Amino acid sequence: MSDENILTEDGFSLTALQAGDKVEFARLVDAYYQVIYRLAVKILGNPQDAEDILQETFIKAFRYLPDFNGRSRLSTWLYRIATNEALMLIRRRKPDAISIDEPRNGDEQDQEPLQIVDWCCMPEQEMLSSESREYLDQAIESLPTSLRVVFVLRDIEGLSTLETGEVLNLSETAVKTRLSRARLRLREELTRYYGDRMGRKPVANEGGR
Amino acid sequence: MAHENCKHLLGSLSEYIDGALGDEICAEIEKHLAGCENCRVVIDSLKKTVYLYHVTSEDPQVPDGVRNRLMQRLDLKDLIDK
């Protein structure tokens, strides 16, 4: 086993990484530091915190690589470290405000659509203006943490349901449920925002047809 | 969305737009959509919501200096000493 050069799915030498090879580790850092940084910004909403989490993530990764068992992808493992670090930071800041395992009452309920405005025909340029992009970020920050992390991993980072479950220690069913709730809440926020921008007062749902 | 049918479908819409549902429930949803404009608007705006976050997923740019500070930090003894 010790003579073999085991490669990860993304082409890194696990053998070298686990032996503490700094050149291979630097290659790993270069491949993933941008995605890890962005993940942290989106979970924490703050560039300075994100930079701290980025550094902690790779310090821990280096330290614990010898324990990496290869059962998940290396990238999933890095996401897991980063997400845990970010959640611990949030917990330290607001010890009572968050539980990723047991969301507080109401945090996870279905958001029944209240805003029924068809804003989909807006020009994409306007939907993606710098002001709109800022609003997209704010809307994510308004989500309860337990929903936000799932949304960020699935819909922004593009992890599969299974991988997201591995990162967060959640069943696939729990991932799907939280993703659904996060998306419905964001849809509501964006409908309010883009509906206003369309210059139309959003029409409250009056019961359909 | 005030109809019982609409509420009943709400929890499935996310998987529906991912194409992750079985034929039977898809058919049920599509039958409902054909007669419910509100639900069509909700589905379209739900898809657009996911799309907008997808196309902005590379935001923000990583600021200058982040990589250098990271590499510097990783050479500290923190990392070498277990």
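For clarity, every value in this text was computed on a predicted model and none was experimentally measured.

Colleague: Whenever I open this one, the pattern of salt bridges confuses me. Can you help?
Modeller: This structure, assessed with the given rule, holds 18 salt bridges over all chains. We note a salt bridge from Glu24(A) to Arg27(A), for which the minimum N-O separation is 3.0 Å. Remark: Arg27(A) and Glu24(A) occur in helix H2 (residues 22-44); sequence separation between them is 3 residues, near one turn of the helix. A salt bridge links Asp30(A) to Arg67(B); the shortest N-O distance between them is 2.6 Å. Taken together, the residues span two chains, with Asp30(A) in helix H2 and Arg67(B) in helix H5 (residues 66-74). Residue classification places Arg67(B) among the partly exposed residues on the basis of a relative accessible area of 32%. Among the ionic contacts, a cluster of salt bridges with common partners joins Arg154(A), Asp155(A), Arg183(A) and Asp18(B).

Colleague: Is there a simple way to explain the nonpolar core in this structure?
Modeller: Phe25(A), Phe58(A), Leu190(A), Tyr194(A) and Tyr53(B) are the most contacted members of the largest nonpolar core, which has 68 residues in total. By residue number, the principal contributor to this core is H2(A), which donates 12 residues. Mapping this core onto the domain boundaries places at least three of its residues in each of domain 1 (14-93) and domain 2 (124-197) of chain A. In contact with Phe58(A), other than residues within four places in its own chain, are Phe25(A), Leu28(A), Val29(A), Tyr32(A), Tyr33(A), Ile36(A), Leu78(A), Leu70(B) and Leu74(B). In terms of nonpolar packing, the next biggest core, distinct from the first, is built from 19 residues, Leu9(B), Ile17(B), Ile29(B) and Val41(B) among them.

Here is what the cut-offs are and how they apply
- The residue numbering used here restarts from 1 in each chain and proceeds along that chain's sequence as written.
- Both sets of labels track the order of writing: A upward for chains, 1 upward for ligands.
- Reporting in this predicted model follows two pLDDT cut-offs: at least 70 for local features of residues, and 80 or more for side-chain atom pairs to be given and counted; totals over whole chains, interfaces and linings ignore these cut-offs and use all residues.
- Heavy atoms throughout the structure, all of them, feed into the side-chain values; hydrogens and water do not.
- Here, a salt bridge means any Lys or Arg side-chain nitrogen found within 4 Å of an Asp or Glu carboxyl oxygen.
- Secondary structure elements are defined from DSSP: runs of H or I of at least 4 residues count as helices, runs of E of at least 2 residues count as strands, and each element is numbered from the N terminus.
- When a residue's accessible area, from a 1.4 Å probe over protein chains only, is under 20% of the maximum for its type it is buried; when over 50% it is exposed; and in between it is partly exposed.
- Put simply, a nonpolar core is a bunch of buried Ala, Val, Leu, Ile, Met, Phe, Trp, Tyr and Cys residues held in one set by side-chain atoms that sit within 4.5 Å of each other.
- Per the annotation, domain bounds derive from an automatic or database assignment of domains.
- For this analysis, residues touch if any pair of their heavy atoms sits within 4.5 Å.

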